[in-house]
Amino acid sequence: MAPGGLGCCIASPDLLAAVAERGDPEDRRAALRTQAASAALRAQRNALTRLLRELGADPEAALGRATRTGGRRTVYDVDHGGESDLPGKKVRGEGDPPVADTAVNEAYDGAGLTYRFYKAVYDRDSIDGKGMELVSSVHYGTDFDNAFWNGSQMVYGDGSGRIFVRGGLTKDVDVIAHELTHGVTQLTAALEYSKQPGALNESISDVFGSLVKQHHLKQTADQADWLIGAGILGSALHGQALRSMKAPGTANDLDRQAGSMSGYADLTTTAASTSTPGSPTGPSTSPPRPSAATPGRRLGASGT
Amino acid sequence: MTLTQHLEPTSDFRAAADATIAVAGDLFGAASQERQAVSGAWKEVGVL
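Throughout this document, residue positions are counted from 1 along each chain, in the order its sequence is written. Going through the entries in the order they are written, you letter the chains from A and number the ligands from 1. Where totals are concerned, whole chains, interfaces and linings use all residues; where local detail is concerned, this predicted model gives features only for residues with pLDDT of at least 70, and gives and counts side-chain atom pairs only at 80 or more. With hydrogens and water set aside, each side-chain value is computed from the structure's full complement of heavy atoms.

**Topic: the packing of aromatic side chains**
Residues and elements named next belong to chain A. Aromatic rings from Phe, Tyr and Trp, taking only the six-membered ring of Trp, are treated as a pair when their centres fall within 6.5 Å; an angle between ring planes under 30 degrees marks them as stacked, one over 60 as edge-to-face, and anything in between as tilted. This model, assessed by the stated rule, comprises 10 aromatic pairs over all chains. Between the aromatic rings of F117 and Y118, the centroid separation amounts to 5.2 Å while the plane-to-plane angle is 80°, which identifies the pairing as edge-to-face. Y118 carries the same exposure label as F117, and that label is buried. Between F144 and F148, the aromatic rings sit 6.0 Å apart at their centres with planes inclined by 90°, giving edge-to-face as the arrangement. When accessible area is computed with a 1.4 Å probe and restricted to protein chains, residues below 20% of their type maximum are described as buried, those above 50% as exposed, and intermediate ones as partly exposed. Using a relative accessible area of 3% as the deciding quantity, one classes F144 as buried. Its relative accessible area of 0% is what places F148 among the buried residues. One aromatic cluster in this structure is built from F117, Y118, Y122 and F208. Placement of a charge over a ring requires the Lys NZ or Arg CZ to be within 6 Å of the ring centre, with the centre-to-atom vector within 35 degrees of the ring normal. The ring of Y108 carries R73 above its face, with NZ or CZ at 3.8 Å from the centroid. When the ring centre of Y108 is taken as reference, the NZ or CZ atom of R92 above it lies at 3.6 Å.

And the structure:
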């Protein structure tokens, strides 16, 4: 398996660009700050991926996460630090009681729900299928409006109130599961983060994000809302969620996701090509819709 | 199975359609409603 396909963030570059373009000065600051930090992360990870590929290195060993832990969860507080400060200070380990910090508990619970889904439905033991520890860091950056999988762990910003409500990025299990699924994709199909493979990478994360939520709520595909990031939008966005797989392009007033190939377009940059008007989650996430019952079984990442 | 056995770094939408249809057929049968639903969905969104 080639290293690669790290995936990225819950808020896409084109959405952040649209907010920057349309919003008031404070919206623009929030979008650009998040965009800059997200772009730096992508560049760093792409460099790492290339290096690992050139060296022919085992990415897990190289990143120091070969330890098998039975999917043990550990949550850290990075206390507004950046990538070089990760993971931060350990605040809650597996089996520890809840702490005062809501974000810590939500990250812990969301990782647990995601783990349980993959184990119960696909008999997959954690992200790598071998019991990899689930590491999360909360309070990343300052007013950072994104959540991401950095190649080896989950990272959550606090939200600025503009793109996401404060504390919103750990509120939805579908957002958490979306990001953790980037880890699954990275360690299985390793879809490149560009053009159609990149769009598929994002789409798969949205589908499994929703499936984890459905599994948790014991919903059928027909009962599910198929929304990603419902109820966590900040003041710069108007709508019910970040994306909708049931009705692509309708989740909020800047949602430009296409519902079919006729609206699909590759974006010109690698970073943006996974998330543009028309691309990613549109075509490839629609399949669950008509297929009722248990679409994940049909469409998904079987761990077996 | 789609992610672990079929798709690879450069897979495109068509490859994903083929893979999910094949996996649905493996899991539920070639004439199954499930396989038809997956195939129909990819057609509906214009990939097939």
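Here the narrative resumes, following the displayed structure.
**A look at the domain arrangement of chain A**
Reports often express the size of an interface as the amount of accessible area lost when the parts come together. Residue and element names in this part refer to chain A. The domain limits used here are those given by an automatic or database domain assignment. Segmentation of chain A into domains returns domain 1 (8–186) and domain 2 (195–298). We call two residues contacting when some pair of their heavy atoms lies within 4.5 Å. Domain 1 puts 36 residues into the contact, and the matching count from domain 2 is 37 residues. Two parts placed together each lose some accessible area under a 1.4 Å probe, and the buried area is that loss summed for both. In total, domain 1 and domain 2 occlude about 3000 Å² of area from one another, counting both sides; carbon and sulfur atoms represent 61% of this. Of all residues in domain 1, R22, F117 and D174 bury the most surface against domain 2, accounting for 18% of the area lost on that side. Salt bridge criterion: a side-chain nitrogen from Lys or Arg within 4 Å of a carboxyl oxygen from Asp or Glu. One can count two salt bridges joining domain 1 with domain 2. Among the ionic pairs, R22 bridges to D253, the shortest N-O distance being 2.7 Å. Residues adjacent in sequence count toward polar contacts only when both atoms are side-chain atoms; beyond that, a polar contact is any pair of N or O atoms within 3.5 Å, and within protein one must be able to donate a hydrogen and the other to accept it. Linking domain 1 to domain 2 there are 17 residue pairs in polar contact (both at pLDDT 80 or more). The nonpolar class holds Ala, Val, Leu, Ile, Met, Phe, Trp, Tyr, Cys and Pro. Asp, Glu, Lys and Arg form the charged class, and all remaining residues, Gly among them, are polar. When its residues are assigned to classes, the side of domain 1 that touches domain 2 shows 19 nonpolar, eight polar and nine charged.

**Digging into the sheet that holds strand 3 (residues 134–140) of chain A**
Residue and element names in this part refer to chain A. Sheet architecture is open: five strands sit in the order 2-1-3-5-4, paired in mixed fashion. The open sheet terminates on both sides in strands that have one partner only, identified here as strand 2 (89–93) and strand 4 (147–149). Geometrically, the sheet is characterised by an average inter-axis angle of 20° between neighbouring strands, direction not taken into account. Working convention: axes come from line fits to C-alpha atoms, limited for helices to the stretch in contact. Angles between N-to-C directions cover 0 to 180 degrees. Only DSSP runs of H or I with at least four residues qualify as helices, and only runs of E with at least two residues qualify as strands; both kinds are numbered from the N terminus onward. Sitting on the sheet, helix 5 (residues 173–187) touches strand 3, strand 4 and strand 5 (154–157), and the angle it makes with strand 4 is about 20°. When DSSP finds two or more bridges between a pair of strands, those strands are recorded as paired.

**Some points on the pairing of strand 1 (residues 73–77) of chain A**
Residue and element names in this part refer to chain A. Burial analysis of strand 1 places four of its five residues in the buried class, the great majority of the element. In this sheet, strand 2 lies alongside strand 1 in antiparallel orientation, the contact comprising four bridges. What sits directly across from T74, in strand 2, is G93.

**Points about the nonpolar core**
I10, F117, I127, I163, F164 and L180 of chain A together with W42 of chain B are the most contacted members of the largest nonpolar core, which totals 72 residues. No other element matches helix 4 (residues 102–122) of chain A, which puts 11 residues into this core. Here this core gathers at least three residues from each of two domains, domain 1 (8–186) and domain 2 (195–298) of chain A. Setting aside chain neighbours within four positions, we find L180 of chain A in contact with A111, T114, I127, L134, W149 and M154 of chain A. By size, the runner-up hydrophobic cluster in this structure holds 10 residues, among which are C9, L41, V78 and Y140 of chain A. Residues enter a nonpolar core if they are buried and are Ala, Val, Leu, Ile, Met, Phe, Trp, Tyr or Cys, with the set joined through side-chain atoms within 4.5 Å.

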